[in-house]
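Coordinates in review
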Amino acid sequence: MADITGDQRVQSEVLEGLATAVNHRRWFVELAVPHLGDNPIEIGSGLGDYALEWSAHLPRFTATEADPDRLIALKERLAEQPTIEVRQMLLPHSERGDYSAAVSYNVLEHIEDHVGALRSMRDLVRPGGNVIIIVPAFEFAMSPADIATGHVRRYTKKTLAAAMTEAGLTVEKIHYANALGLIGYFMATKVFRLMPKEGPMVKVYDTLVLPATKAAEQLVRPPFGQSVFAVARVPA
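Quick caveat, the model's predicted, so the values are computed rather than measured.

**A closer look at helix α2 (residues 22–32)**
Looking at α2, one finds that the buried residues are R25, W27, F28, V29, L31 and A32. Where α2 is buried, its residues contact α3 (49–55), β4 (99–105), β5 (125–136), β6 (170–177), α9 (200–219) and β7 (227–233).

Take a look at the structure:
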């Protein structure tokens, strides 16, 4: 089992702060929905915000968490959701499954053996299913906030695609997302050394800037972004 990296208290504070970025979350929810199938598993569900949104579209959903304290909170929050199963999971592991997809947002960058983690996700998914990933983009944006929350790397399209291919997956779709978000994140966390927590900056960006960014990126894929989004198929 891999160690859980980063300060768990800081991670929880960041998760709680970003939970207020409703438009951002719904955009990233929409990116994954067409690729989830009928019975996906999420690796690293955190507070359960994405799990709740995705499960509304699906007959069954499995949420997982590695950190024991967050796992307890996740089980409590999702206890009244009959279609959601909650379980603990650390990557890499040797388990095999028959899920329609494995989806993992902002988790892979915490794991030293990211190829092993991707192989573990692949082994949880039936042949023809998908592994759906979002990770933070570009090493130049690595900041004190990244270090505090346990990030060991940031990605480009090329490096994420290479890791997925090495893990035995076939990359079907990969692109950057949230171009203006990268600029804002770099300025806030690298230049001013702030943590991405709840506050006026997050609310203003999520309410005013992000909807325009999303609309523009639905027309033209940007050459950079705050995140890399990828969908890879599990070969038969």
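Picking up after the structure, the text goes on.
**Some points on the side chain of S143**
Here S143 is to be found in the loop between β5 and α6 (144–148). Residues within four places of S143 in sequence aside, it is in contact with Y185, T189 and K190.

**Observations regarding a nonpolar patch on the surface**
Taken together, the side chains of L180, I183, M187, V191, F192, L194, M201 and F224 make up a nonpolar region of the molecular surface, amounting to roughly 740 Å² of accessible area. It is helix α8 (residues 179–191) that provides the largest number of residues to the nonpolar patch, a total of four residues.

**Remarks on unusual backbone geometry**
Residue P92 follows L91 across a cis peptide bond; omega there is -5°. Its location among the elements puts P92 in the loop between β3 (84–88) and β4. Even without glycine at this site, F138 takes up a positive phi of about 75°. Checked against the element boundaries, F138 lands in the loop between β5 and α6. One non-glycine residue with positive phi stands out, namely N178, at about 70°.

**Observations concerning the side chain of H175**
Assignment of secondary structure puts H175 in strand β6. In this structure H175 comes out as buried when scored by relative accessible area, which is 6%. Discounting chain neighbours no more than four positions away, the residues touching H175 are L31, K157, R221, S227, V228 and F229.

**A word on the pattern of salt bridges**
Going through the model one piece at a time under the given rule, you end up with 12 salt bridges. Between R87 and E95 there is a salt bridge; the shortest N-O distance is 2.8 Å. Assessed through its relative accessible area of 28%, E95 is described here as partly exposed. Taking the shortest distance from any N to any O, the salt bridge between R122 and D123 comes out at 3.1 Å. Its relative accessible area of 15% is what places D123 among the buried residues. Each of R25, R26 and E53 takes part in one network of salt bridges that share partners.

Quick notes on the rules
- Residues numbered from 1 in each chain as written.
- Predicted model: local features only at pLDDT ≥ 70, side-chain atom pairs only at ≥ 80, totals over all residues.
- Heavy atoms only, no water.
- Buried < 20%, exposed > 50% of the residue type's maximum accessible area, 1.4 Å probe, protein only.
- Helix = DSSP H or I, 4+ residues; strand = E, 2+ residues; numbered from the N terminus.
- Contact = heavy atoms within 4.5 Å.
- Patch = residues over 30% accessible without salt bridge, like charges linked within 9 Å, V, L, I, M, F, W, Y side chains within 5 Å.
- Areas by Shrake-Rupley, 256 points an atom, 1.4 Å probe, with all protein chains shown as cover.
- Salt bridge = Lys/Arg side-chain N within 4 Å of Asp/Glu carboxyl O.

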